[in-house]
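For reference, the chains in residue letters:
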Amino acid sequence: TNGFRTKTQGVDLVMSQPIKMLDGVTIMSFNGNWTKTKVESYTPDVLDAKRIRQIEEGLPAIRYNLAGTYLNGPWRNLLRLNYFGKFFEAHLDDATLPIEAGDEYTLDFETAYNISTNLTVALGAQNLLNEYPDEHPYQGIAGAKYPETSPMGFNGGFYYSRITYNF
């Protein structure tokens, strides 16, 4: 169905800079994005006001991360700060249950060691500090405590170990 037309504009900014420090190199990087989507025309049988708002505000307009990756011999260490801007969700796809979710920050970490040119072991965390999105006021409905469409997820921290072997 070609029942609506949107216009999306945005800016991506990617920067990185290596810095010599502590007998190694730290690569500082910034990745940022600003995006705006606007529904320009639509067929009322296809879209209603709720769905238009979901299309225009369902993802953060601003998202970025700032990372430092320290390299020293066989070691690699990463620390990354992530920012997710505010967004809108219609809980259970119901316009009478609006969620105005606030902006959020998470922190990621990984340390890795190259045992050989083919074998690497790593320990890390996505969302190291176990952050959650803002709780919403409709928790008693369908058991959802957090917005289902949260760009940072709603499961808190994810901790892992990894072994990589390249053939």
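Everything discussed here concerns the structure shown above.
Basis of the calculations
Residues numbered from 1 in each chain as written. Predicted model: local features only at pLDDT ≥ 70, side-chain atom pairs only at ≥ 80, totals over all residues. Heavy atoms only, no water. Helix = DSSP H or I, 4+ residues; strand = E, 2+ residues; numbered from the N terminus. Buried < 20%, exposed > 50% of the residue type's maximum accessible area, 1.4 Å probe, protein only. Polar contact = N/O pair within 3.5 Å; in protein donor to acceptor, adjacent residues only side chain to side chain. Contact = heavy atoms within 4.5 Å. Patch = residues over 30% accessible without salt bridge, like charges linked within 9 Å, V, L, I, M, F, W, Y side chains within 5 Å. Areas by Shrake-Rupley, 256 points an atom, 1.4 Å probe, with all protein chains shown as cover. Salt bridge = Lys/Arg side-chain N within 4 Å of Asp/Glu carboxyl O. Pairing = 2+ DSSP bridges. Axes fitted to C-alpha atoms, helices over the stretch in contact; angles between N-to-C directions.

A.B. asks: Where do I start with the side chain of N127 in this structure?
C.D. replies: Relative to the helices and strands, N127 is located in the loop between β8 (119-126) and β9 (158-165). Note on N127: relative accessible area 6%, which makes it buried. Engagement of the side chain of N127 in a polar contact is seen with the backbone oxygen of G156, the distance being 3.4 Å. Not counting the four nearest positions on each side in its chain, N127 is found in contact with T106, L107, D108, M152, G156, G157 and Y159.

A.B. asks: Just to check I follow, could you spell out a nonpolar patch on the surface for this structure?
C.D. replies: A grouping of I19, M21, L22, M28, L66, L81 and Y105 is seen on the molecular surface, where their side chains present a nonpolar patch of about 620 Å² in accessible area. Mapping L81 onto the fold places it in strand β4 (residues 75-84).

A.B. asks: Whenever I open this one, the sheet that holds β4 confuses me. Can you help?
C.D. replies: The strands that make up a sheet are held in pairs by hydrogen bonds between backbone atoms, and each pair lies either parallel or antiparallel. A sheet is described by the order of its strands in space; here seven strands give the open sequence β1-β2-β3-β4-β7-β8-β9, paired in antiparallel fashion. Two strands lie at the open edges of the sheet, namely β1 (4-21) and β9, each paired on one side alone. Between one strand and the next, the sheet's axes are offset by a mean angle of 15°, whatever the strand orientation. Pairing of strand β2 (residues 24-42) with strand β3 (residues 62-72) involves 10 bridges; the strand directions are antiparallel.

A.B. asks: Which parts of the structure should I look at to understand the pattern of salt bridges?
C.D. replies: Between side chains of opposite charge, pairing is possible as soon as their charged atoms come close. Counted under the stated rule, the structure contains nine salt bridges. Among the salt bridges present, the one from R53 reaches E57, with a minimum N-O distance of 3.1 Å. With R53 and E57 both in helix α1 (residues 49-57), this residue pair falls four residues apart, about one helical turn. Of the charged contacts, one joins R80 and D108 as a salt bridge, the two residues approaching to 3.1 Å between their closest N and O atoms. Residue R80 is located in strand β4, and its partner D108 is located in strand β7 (residues 104-114); the two are separated by 28 residues in the primary sequence. Judged by its relative accessible area of 24%, R80 is partly exposed. Of the residues examined, D108 reaches a relative accessible area of 8% and is grouped as buried.

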